[in-house]
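# A closer look at the structure
Each chain, written out:
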Amino acid sequence: MASKFSLSARSRRNLLGVHPDLVRVVERAIQITAVDFAVTEGLRTKARQAELVKAGKSQTMNSRHLTGHAVDLAAWVGGTVSWDRPHYFKIAEAMKAAAAELGVAIVWGGDWKTFFDGPHFELDRKVYP
């Protein structure tokens, strides 16, 4: 069965510098997801991270984005980005299934107890220090 969705050229560019294991998970997840998604950010500079912390969009300067160990995904619904939370549970389902299939340990920001970060996926620090 052919995949319903595929990564755009922009999403592929946003994966440059991201750890190959996480790239493989994203590439597999797009093939099995019920909700289309775009990669909005992967590897970040310290300056970009500082901007996001200052704007209240991130809570740490110790982000996994700085080392290429994290990606942010945005639900793409009806030709536009949607921040509706239910979409992120479906994307997480695909990301977790892809990670399990490929034997890659990931953590979803939507599972964090401190705050909900539905777009965020990172390689587990216990396996990828």
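Coordinates for the structure precede this section.
For the structure given in this document, a descriptive report is provided here. Note that the structure is predicted; figures quoted are calculated from it, not measured.

Quick look at the side chain of Asp124 now. Among the structural elements, Asp124 can be located in the segment after strand 5 (120–123). Beyond its immediate sequence surroundings of up to four residues, Asp124 is in contact with Arg64, Ala105, Ile106 and Val107.

Looking now at the pattern of salt bridges. In this structure the tally under the stated criterion is 9 salt bridges. Between Asp21 and Arg24 there is a salt bridge, with its nearest N and O atoms 3.6 Å apart. Taken together, the residues span about one helical turn, with Asp21 and Arg24 both in helix 2 (residues 20–32) at a distance of 3 residues. The class for Arg24 is partly exposed, based on a relative accessible area of 38%. Residue Glu41 is joined to Arg48 by a salt bridge in which the shortest nitrogen-to-oxygen separation is 3.0 Å. What makes Glu41 buried here is its relative accessible area of 16%.

Considered as a void within the structure, the largest pocket measures approximately 610 Å³ in volume. In this structure, the largest pocket is lined by 27 residues; those nearest its centre are Arg44, Lys57, Asp72, Asp117 and His120. Counting only elements with at least two residues in the lining of the largest pocket, the list comes to strand 1 (37–41), helix 3 (46–54), helix 4 (85–102) and strand 5. The leading source of residues in the lining of the largest pocket is helix 3, at 3 residues. Its residues assigned to classes, the lining of the largest pocket comprises 7 nonpolar, 10 polar and 10 charged. Its boundaries defined by the atoms lining it, the second largest pocket holds a volume of some 230 Å³. Taken together, Ser6, Ser8, Arg10, Ser11, Asn14, Asp36, Phe37, Ala38, Val39, Thr40, Trp76 and Val81 make up the lining of the second largest pocket.

Two faces, one strand: in a regular strand the side chains alternate between the faces of the sheet. For strand 1, a buried count of 4 out of 5 residues is recorded, marking the element as mostly surrounded by other parts of the structure. In terms of strand pairing, strand 1 meets strand 2 (residues 70–77) through 4 bridges, oriented antiparallel. Following the sheet pairing, Glu41 is matched in strand 2 by Asp72.

About the criteria used
Residues numbered from 1 in each chain as written. Predicted model: local features only at pLDDT ≥ 70, side-chain atom pairs only at ≥ 80, totals over all residues. Heavy atoms only, no water. Helix = DSSP H or I, 4+ residues; strand = E, 2+ residues; numbered from the N terminus. Contact = heavy atoms within 4.5 Å. Salt bridge = Lys/Arg side-chain N within 4 Å of Asp/Glu carboxyl O. Buried < 20%, exposed > 50% of the residue type's maximum accessible area, 1.4 Å probe, protein only. 1 Å grid on protein atoms, 1.4 Å probe; cavity = no way out; pocket = protein on both sides within 12 Å on 5 of 7 lines; lining within 4 Å. Points joined across faces, edges and corners; volume = space filled by probe spheres on them. Nonpolar A, V, L, I, M, F, W, Y, C, P; charged D, E, K, R; others polar. Pairing = 2+ DSSP bridges.

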